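Architecture at a glance
The chain contents come next:
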Amino acid sequence: MKKILFVHQASTIGGASYCMLSLLRGLDKSRFEPIVMLRNDGLLVGEIRKLGIRVIFFDEMTTIPYNESLCKFSSIITYLKVVLIQKKFAWYLNELKIDVVYLNNMMLYPYLRTSKLAGCKTIMHVREHWPKDEHQYQMKRARNYAWKYADAMIAINKYSASLFPECFNKVHIIYDWFDIKNRNERRPYSEIFGEGSEDLKVFLFTGGLGRIKGTHVVVRTFQEKIHGNDYRLLMMGAGLDYKLQGLSGKIKKILMLTGWKPYGFSIMEQIKKDNRIVVIPPTYNMVDIYRQAFCTLSYFTIPHANLALAEAVALGTVAIAARTEESIEYSDGGEGAILFNINDSNDFIEKINYVIANQEVVKKQAEGHSENIKMLFSPEFNIEKLNHVCDIVCIDE
């Protein structure tokens, strides 16, 4: 049996963390023994341990800022930190007797070289959308590492695969499948909004406080453009008890004395002004919440894989999202969702008004493309491909 170390920097539940849970569930435990390395404790740890999988913590784990300029002082410091911690990462690999290192995103690519030097096979999961005309030196370095040190690569969609043309013979597209069966726990809206909520029109937003998710635009648009007490905005992944922690938190607190407000803090203040907005913690069991939604909202400010969009379409839920290469792929050629021009807030509200005025039509449109997206994100099909990739890597030893 081969030991596979899954490396991921975040311990929150959402995005790539959800997807790694699916990987861990789908991995053939009769052939592979998974171990998970995280930076710190968090909600994700409990979910992993429920699967009977060992979790270890690497507190110093640092990722490269792939979407930021290398000329920034903070970027240079981060790259330096990544270099300095590789010796300790190699110690973990030797101590745990790891056979295969599975990096759960591209921000961890420097760990490929260390893993190879430690005698491990390597797999890197490419989840990011890196615009091909941005930060080209950094991109060249990442591609060079992948070409030299990755035994196999997994891309979550066609665009991600296209980022590494040199590695075309070892890139496998495996979609982050949506496990409807295991995430289908009853969660009636009456538990969230109270009794008498059956007739409410609930817009669902799952972007948390991520700046690139356009949370501020979604909140502002709902408050200023969507009127009426029969509408609600259900936000997941954002905490009303937003806190400033660590050194950066102390600096922000000092700056707040001058009147400046941190991004997350200002959003929380804005949310509290509208009692139609309800905030709940992230949850893995999302199916019932999706199915009850009037419409899901997404406002990614940069091109990005939008798994929430694919989940909504797969469940026949009306979805509004920015038009990108990924969102077109994830909505059956753009036909299964309502897509607006990226970063165009006017087009965003136009699409919302269109959905409000044509709910029956857009609902049928979403349901008509549900099966195609279900097939594309099928657990059975993608799990088979995952285990095949792991087999190929281990057989090549």
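Here the structure is shown first, and the text comes after it.
Residues numbered from 1 in each chain as written. Predicted model: local features only at pLDDT ≥ 70, side-chain atom pairs only at ≥ 80, totals over all residues. Heavy atoms only, no water.

Digging into the overall build of the chain
Along its length, the chain carries 18 helices and 13 strands. What you see for the chain is a C-alpha radius of gyration of 21 Å, in line with the 21 Å of a compact globule of 397 residues. Reported as C-alpha extents along the three principal axes, the dimensions of the chain are approximately 60 × 55 × 40 Å. Here the chain holds 397 residues, and the buried ones make up 53% of them. The long-range fraction of contacts in the chain, counting pairs at least 24 apart against all pairs at least 6 apart in sequence, stands at 68%. Roughly 18200 Å² of accessible area belongs to the chain as shown, and the carbon and sulfur atoms make up 52% of that amount. Charge-centre separation for the chain: the mean point of 50 positive side chains lies 7 Å from the mean point of 44 negative side chains. (Helix = DSSP H or I, 4+ residues; strand = E, 2+ residues; numbered from the N terminus. Rg over C-alpha atoms; globule rule 2.2 N^0.38 Å. Buried < 20%, exposed > 50% of the residue type's maximum accessible area, 1.4 Å probe, protein only. Contact = heavy atoms within 4.5 Å. Areas by Shrake-Rupley, 256 points an atom, 1.4 Å probe, with all protein chains shown as cover. Lys, Arg positive; Asp, Glu negative; His and termini not counted. Charge placed at Lys NZ, Arg CZ, Asp CG, Glu CD.)

Thoughts on helix H1 (residues 16-26)
Every α-helix carries 3.6 residues per turn, so stepping three or four residues along brings you back to the same face. Taking burial as the measure, the eleven residues of H1 include nine buried ones, the bulk of the element. Listed as buried for H1 are Ser 17, Tyr 18, Cys 19, Met 20, Leu 21, Ser 22, Leu 23, Leu 24 and Gly 26.

Points about the sheet that holds strand E10 (residues 277-280)
Pairing within the open sheet is parallel, and its six strands lie in the order E10-E9-E8-E11-E12-E13. Where the open sheet ends on each side, the last strands, each with one partner, are E10 and strand E13 (338-340). Strand-to-strand twist in this sheet, taken as the mean axis angle between neighbours without regard to direction, amounts to 25°. When strand E8 (residues 201-205) meets strand E11 (residues 295-297), the two strands line up parallel, connected through two bridges. Bridge pairing in E11 places Phe 203 opposite Cys 295. (Pairing = 2+ DSSP bridges. Axes fitted to C-alpha atoms, helices over the stretch in contact; angles between N-to-C directions.)

Details of the pattern of salt bridges
Taken as a whole, this structure holds 13 salt bridges when the rule is applied. Across the salt bridge formed by Glu 60 and Lys 88, the nearest N and O atoms sit 3.0 Å from each other. Note that Glu 60 is positioned in the loop between strand E3 (54-57) and helix H3 (73-84) and Lys 88 in helix H4 (residues 86-96), a separation of 28 residues in sequence. Overall, the relative accessible area of 34% leaves Glu 60 in the partly exposed class. (Salt bridge = Lys/Arg side-chain N within 4 Å of Asp/Glu carboxyl O.)

Details of helix H2 (residues 43-50)
All buried positions along H2 are accounted for by Leu 44, Val 45, Glu 47 and Ile 48. Taken down its axis, H2 places every buried residue within 165° of arc, on the same side. For H2, the exposed residues lying more than 90 degrees away from the buried face are Leu 43 and Lys 50. Positive phi shows up at Gly 52, right after H2, with a value of about 75°. (Arc of directions from axis to C-beta.)

Section: the side chain of Ser 370
Here Ser 370 is to be found in helix H17 (residues 370-376). Accessibility expressed as a relative area gives 8% for Ser 370, which makes it buried. Aside from chain neighbours lying at most four places away, what touches Ser 370 is Val 313, Ala 314, Leu 315 and Gly 316.

Section: the packing of H1 against H2
Interhelical geometry of H1 versus H2 gives an angle of 10° and a closest axis separation of 10 Å. Considering the angle they form, H1 stands roughly parallel to H2. Where H1 abuts H2, its residues Ser 17, Met 20, Leu 21, Leu 24 and Arg 25 lie against Leu 44, Glu 47 and Ile 48. Classifying every residue of the contact of H1 with H2 by side-chain character gives five nonpolar, one polar and two charged. (Parallel < 35°, antiparallel > 145°, perpendicular 65-115°, else oblique. Nonpolar A, V, L, I, M, F, W, Y, C, P; charged D, E, K, R; others polar.)

Quick word on unusual backbone geometry
At Lys 97, a position not held by glycine, the phi torsion is positive, near 55°. With respect to the helices and strands, the residue Lys 97 is situated in the loop between H4 and strand E4 (100-103). On the basis of relative accessible area, Lys 97 is assigned to the exposed category, the value being 60%. Here the phi dihedral of Asn 343 falls at roughly 65°; this positive angle occurs in a residue that is not glycine. Here Asn 343 shows up in the loop between E13 and helix H15 (345-357). Residue Asn 343 is classed as partly exposed on the basis of its relative accessible area of 44%.

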